[in-house]
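Architecture at a glance
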Amino acid sequence: MNRIDLEGRKAVVTGGARGIGRAICQRLTDSGARCAIWDRDEAAAVEAAGAIAGSEAIRVDVTDPRAVDSAVAATAELMGEIDILVNNAGIAGSSRKLWECEPEEWQEVLQIDLFGVFLCCRALLPGMITRGYGRVVNIASIAGKEGNPNASHYSAAKAGVIGLTKSLGKECAESGVIVNCVTPAVIETDILKQISDEHVDYMLSRIPMGRFGLTEEAASLVAWLSSGDCSFTTGGVFDLSGGRATY
Ligand code: NAD
């Protein structure tokens, strides 16, 4: 593992209780940061915080503005001001054609995967801008670049995250706050339980490297994007797709 210096930094990782978010918390704390695990699954967040030295669990639903504001206050009390925000909480939704989707489920995917990113940025960015330093990393998806069939809600939400990242990167460009996103292809985590085996097979078949990505591979890119070493790149979209997307 390359050493990334995050000594003294304080991070929020949404959806950090399991999967990619948990690997990110592990990598950030291994690099010297303290990390607040923001997750709606309190039991899993507490378990993860117990296993990852330097981390704390905070229960929050990222779609609820008041809960997000309370989480900001609780985090500040536990560890002070936040320098790093990783917007990772997300759901896949079920694998269906657009016209087979219930409106409620379509909206739920957009609420968590896109609106939740907006709310967390809105809550934490002003402090970063005032202090003149911050790093934001949004976990988008290859689906947002290419559009996966049977995932119109998810593809639309993740395309929205890419657009939000480009816009916010420019809004913060002179403030010392840097905003980027990553676009993973399929990584084996609990999220795959939400979608059909056929859909997983489709996504795997599109990866030239012929394998799933690893949570640690996502965490390693996120750690660099969260660091002071990433200083002249903002509004960027970083590929993590084993060769599927070359843009
Ligand atoms: P996961 O299901 O393993 O973990 C997601 C975490 O987010 C869970 O702990 C869950 O409780 C939390 N969460 C969900 N809704 C929440 C809410 N409203 N408020 C707070 N927490 C909430 O998923 P994962 O595979 O680790 O995915 C993490 C991120 O990476 C997601 O944004 C996902 O879309 C993205 N992603 C995953 C893959 C993949 O193949 N695994 C590929 C591309 C992008």
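One can find the structure itself at the top, above this paragraph.
Residue indices follow the written sequence of each chain, beginning from 1 at its first position. A pLDDT threshold of at least 70 governs which residues receive local features in this predicted model, and a stricter bar of 80 or more applies before side-chain atom pairs are shown or counted, although totals over entire chains, interfaces and linings include all residues. For side-chain calculations, the full set of non-hydrogen atoms in the structure is used, while hydrogens and water are omitted.

Some thoughts on the site of the ligand
If a single non-hydrogen atom of a residue is within 4 Å of a molecule or strand, that residue counts as near it. Lining the immediate environment of the ligand, one finds 27 residues, of which Arg18, Asp39, Tyr154, Ile187 and Thr189 sit closest. Each polar contact in these results corresponds to two N or O atoms within 3.5 Å; when the atoms are within protein, one needs to be able to donate a hydrogen and the other to accept it, and residues that are neighboring in sequence are counted only if both atoms are side-chain atoms. Contact distances for the ligand include 2.8 Å between an oxygen atom and a backbone N or O atom of Ile20. Arg40 is positioned such that a nitrogen or oxygen atom in its side chain is 3.2 Å from a nitrogen atom of the ligand. For the ligand, the accessible surface in isolation is 830 Å², of which the surrounding protein chains cover 96%. Each helix is a run of DSSP H or I of at least 4 residues and each strand a run of E of at least 2, with the numbering of both proceeding from the N terminus. For the shell around the ligand, the elements supplying multiple residues, two or more each, are helix H1 (19–30) and helix H6 (152–171). The Shrake-Rupley method, run with a 1.4 Å probe, gives the accessible areas here. Residue values count only the displayed protein chains as cover.

Focus: the sheet that holds strand S6 (residues 177–184)
Here a strand pair is declared whenever DSSP counts at least two bridges between the two strands. Pairing in this open sheet of seven strands is parallel, and the strands run S3-S2-S1-S4-S5-S6-S7 from one edge to the other. Single-partner strands in this sheet number two, and they are strand S3 (55–59) and strand S7 (236–240). For this sheet, the mean inter-axis angle between neighbouring strands, taken without regard to orientation, is 20°. Examined bridge by bridge, strand S4 (residues 84–87) and strand S5 (residues 134–139) share four bridges and lie parallel to one another. As a rule, the C-alpha atoms of each element are fitted with a line to give its axis, helices using only the stretch in contact, and angles between N-to-C directions run from 0 to 180 degrees.

A closer look at the environment of Arg244
Looking at the element boundaries, Arg244 is found in the segment after S7. Residues Arg244 and Arg206, spaced 38 residues apart in sequence, show a C-alpha to C-alpha distance of 6.3 Å. The criterion used for residue contact is that any of the two residues' heavy atoms lie within 4.5 Å. Ignoring sequence-local partners within four residues, the contact set of Arg244 consists of Ile142, Glu146, Asn148, Tyr202, Arg206 and Pro208. A distance of 2.9 Å separates polar atoms of two side chains, one belonging to Arg244 and the other to Glu146. Within polar-contact distance, the side chain of Arg244 engages the side chain of Asn148 at 3.0 Å.

Some details on the packing of H1 against helix H8 (residues 215–225)
Relative to each other, H1 and H8 sit at 50°, their axes nearing to 8 Å. Classified by the angle between their axes, H1 and H8 sit oblique to one another. By crossing handedness, the relation of H1 to H8 is classed as right-handed. On the side of H1, the interface is formed by Gly19, Ile20, Ala23, Ile24, Arg27 and Leu28, while H8 contributes Thr215, Glu216, Ala218, Ala219, Ser220, Val222 and Ala223. Nonpolar residues are Ala, Val, Leu, Ile, Met, Phe, Trp, Tyr, Cys and Pro. Charged residues are Asp, Glu, Lys and Arg, and all others, Gly as well, are polar. Grouping the amino acids of the contact of H1 with H8 by side-chain chemistry returns eight nonpolar, three polar and two charged. For classification, angles of less than 35 degrees are called roughly parallel, those exceeding 145 degrees roughly antiparallel, those between 65 and 115 degrees roughly perpendicular, and all remaining angles oblique. We call a crossing left-handed when the near helix sits turned anticlockwise from the far one by less than a right angle, and right-handed when that turn is clockwise.

Concerning H6
The terminal C-alpha atoms of H6, which comprises 20 residues, lie 28 Å apart, in line with the 28 Å expected from a rise of 1.5 Å per residue. Within the span of H6, buried status applies to Ser152, His153, Tyr154, Ser155, Ala157, Lys158, Val161, Ile162, Thr165, Leu168 and Gly169. Next to the buried residues of H6 lie helix H4 (103–131), S5, helix H5 (142–146), S6 and S7. Every helix has an expected span of 1.5 Å times one less than the residues it contains. For each residue, the accessible area found with a 1.4 Å probe, counting protein chains only, is set against the maximum for its type, and the residue is called buried under 20%, exposed over 50%, and partly exposed in between.

Digging into the pattern of salt bridges
Proximity of charged atoms lets side chains of opposite charge pair with each other. Definition used for salt bridges: Asp or Glu carboxyl oxygen within 4 Å of a side-chain nitrogen of Lys or Arg. Considering all chains together, one arrives at 12 salt bridges under this definition. Across the pair Arg18 and Asp190 runs a salt bridge, and its minimum N-O distance is 3.2 Å. With Arg18 in the loop between strand S1 (10–14) and H1 and Asp190 in the loop between S6 and helix H7 (197–205), the pair connects residues that are 172 residues apart, well separated along the chain. Its relative accessible area of 36% is what places Asp190 among the partly exposed residues. Between Glu47 and Arg22 there is a salt bridge whose closest N-O contact spans 2.8 Å. With Glu47 in helix H2 (residues 42–51) and Arg22 in helix H1, this pair connects stretches of sequence that are 25 residues apart. Since its relative accessible area comes to 47%, Glu47 is described here as partly exposed. A relative accessible area of 26% means that Arg22 is categorised as partly exposed. Taken together, the shared-partner salt bridges in this structure form one network comprising Arg18, Asp41, Asp190 and Lys193.

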